[in-house]
Amino acid sequence: MTYGHWHYPTEIIAREGCTNKLADYCRNTGIHRPLLITDHELAETKMVRNIISGCCEADLPVELFSHIQSNPTGANVEAGIKHFVDGRHDGIIALGGGSSIDVAKAVALVARQAFPLWDFVHQDENWQKADPEQIAPVIAIPTTAGTGSEVGRASIIKDELEHKKKIIYHPKMMPKLVLLDPILTLDLPPELTAATGMDALSHSLEALCTHTFHPMSDAIALESMRIISHYLPVAYMEGQNLNARFEMQIAACMAATAFQKGVGATHALSHTLGAIYDKHHGLLNAILLPYVLSANKDHINEKMIRMGRYLALPRPDFHAVMAWLLSLRTELNIPHTLAAIDIDSKEAERIGEIAASDPSAASNPIHFTAEQYAEIFTNAVKGTLIYQ
Ligand SMILES: [Zn+2]
């Protein structure tokens, strides 16, 4: 008989306007000198100014750190650690998309440890080097509905020397509290709404397809995909639709909860391409997903029937799911090829090799070789989508 060793997420408050009580939530979480980590674009917005002034009015001094790239680097984390230590902060408010939240979680993990960042790369028992008592508390406030980093125990950080994204992991690096406030996502532009929403979908779909035994995750993955199928097109077309934004925030959070079971070849390739070409993670997943599904087809047919039934697709099977996915992509104006975002196939061999060694490759339903990854990548560059 198989067995499970499962973890489940953290405290989540999902309510319109819940960030207005951020100062109270900080104190309740034991944070009295927070460092607010966000990206440089958000740092210039009224949203961030309001959050900082709200905390200051409640006598909670907040400092800002925003030197973060969209594919965050080790240097970004090191700079954040310096701010955290120099400012004698005791906790972090992580505000933004996956990049900000990933950097915030990595800073919180490493800032007070005796070992540097790359010593916590997710392999062997590296995480045991950390003193869990010294991990700073994090309150995560996502401003997109996609990555789900707010409920993850890992950060994806780019090693600039190796041009490779690495997973930094500790079982206790998940934020202590997550605030899902749909108001913060109202102004997300349509193309980012689409890309981040498709990232959430790719989390659920890949989690469902992996063979890891985790029925609870499977159920959460299915329900998050049902919510995404209803509300992603609405959020894309009507950005100010608060209900659609709320549903998408919850679906993204659920999708990330589901993918603690693992993701797969879509993410193995998108991590690789994100590190080399600096393209948006969600957009890469959105383009790659059908090509990976078609390569996985023989091993996921039963799951595609289950998914098709749950989404109430006509004649639910692999083909129905593929047709639904392609039509959703068209509705969201996602390009069909990587060529459309200026990626060519010259580096296919190297990309295949890096993708095959990406940690996400391990949970794909089929163990693809480097050559097979190179072929999937080349198909996605050219738009060659073959399945029967
Ligand atoms: Zn992702």
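Residues numbered from 1 in each chain as written. Predicted model: local features only at pLDDT ≥ 70, side-chain atom pairs only at ≥ 80, totals over all residues. Heavy atoms only, no water.

- Per an unreviewed UniProt entry, the protein goes by Alcohol dehydrogenase and derives from Photobacterium marinum.
- What UniProt records for the protein under Cofactor (unreviewed entry) is the sentence "Fe cation".
- According to the UniProt record, the Sequence similarities (unreviewed entry) comment for the protein is "Belongs to the iron-containing alcohol dehydrogenase family." (UniProt positions renumbered as here; feature names shortened; annotations may be inferred.)

Observations concerning the coordination of the zinc ion
- Protein ligation of the zinc ion involves Asp199 (OD), His203 (NE2), His267 (NE2) and His281 (NE2), the donor distances falling in the range 2.1 to 2.3 Å.
- Coordination geometry of the zinc ion: the four donor atoms subtend angles of 84 to 166° at the metal centre, consistent with an arrangement described as irregular.
- Linear spacing of the donor residues for the zinc ion on their chain is D-x3-H-x63-H-x13-H. With a gap of 68 residues between them, Asp199 in helix 6 (residues 190-209) and His267 in helix 9 (residues 265-277) connect regions that are remote in the sequence.
- Assessed through its relative accessible area of 2%, Asp199 is described here as buried.
- Note on His267: relative accessible area 3%, which makes it buried. (Donors = N, O, S within 2.8 Å, 3.2 Å for Na, K, Ca; no water. Tetrahedral: all angles 85-135°; square planar, octahedral: opposite > 155°, others 65-115°. Helix = DSSP H or I, 4+ residues; strand = E, 2+ residues; numbered from the N terminus. Buried < 20%, exposed > 50% of the residue type's maximum accessible area, 1.4 Å probe, protein only.)

A few points about the sheet that holds strand 1 (residues 11-14)
- In space, the six strands of this open sheet follow the order 1-8-5-4-2-3, with parallel pairing throughout. Only two strands of the sheet have a single neighbouring strand rather than two, namely strand 1 and strand 3 (63-65). Strand-to-strand twist across the sheet, computed as the mean angle between neighbouring axes with direction ignored, equals 20°.
- Sheet topology places strand 5 (residues 138-142) next to strand 8 (residues 177-180); two bridges connect them, and they run parallel. Following the sheet pairing, Ile139 is matched in strand 8 by Leu177.
- Across the sheet, helix 3 (residues 46-57) is in contact with strand 2 (34-37), strand 3 and strand 4 (91-96); its angle to strand 4 comes to roughly 155°.
- Across the sheet, helix 4 (residues 74-86) lies against strand 2, strand 3 and strand 4, angled at about 165° from strand 3, the strand it touches most. (Pairing = 2+ DSSP bridges. Axes fitted to C-alpha atoms, helices over the stretch in contact; angles between N-to-C directions. Contact = heavy atoms within 4.5 Å.)

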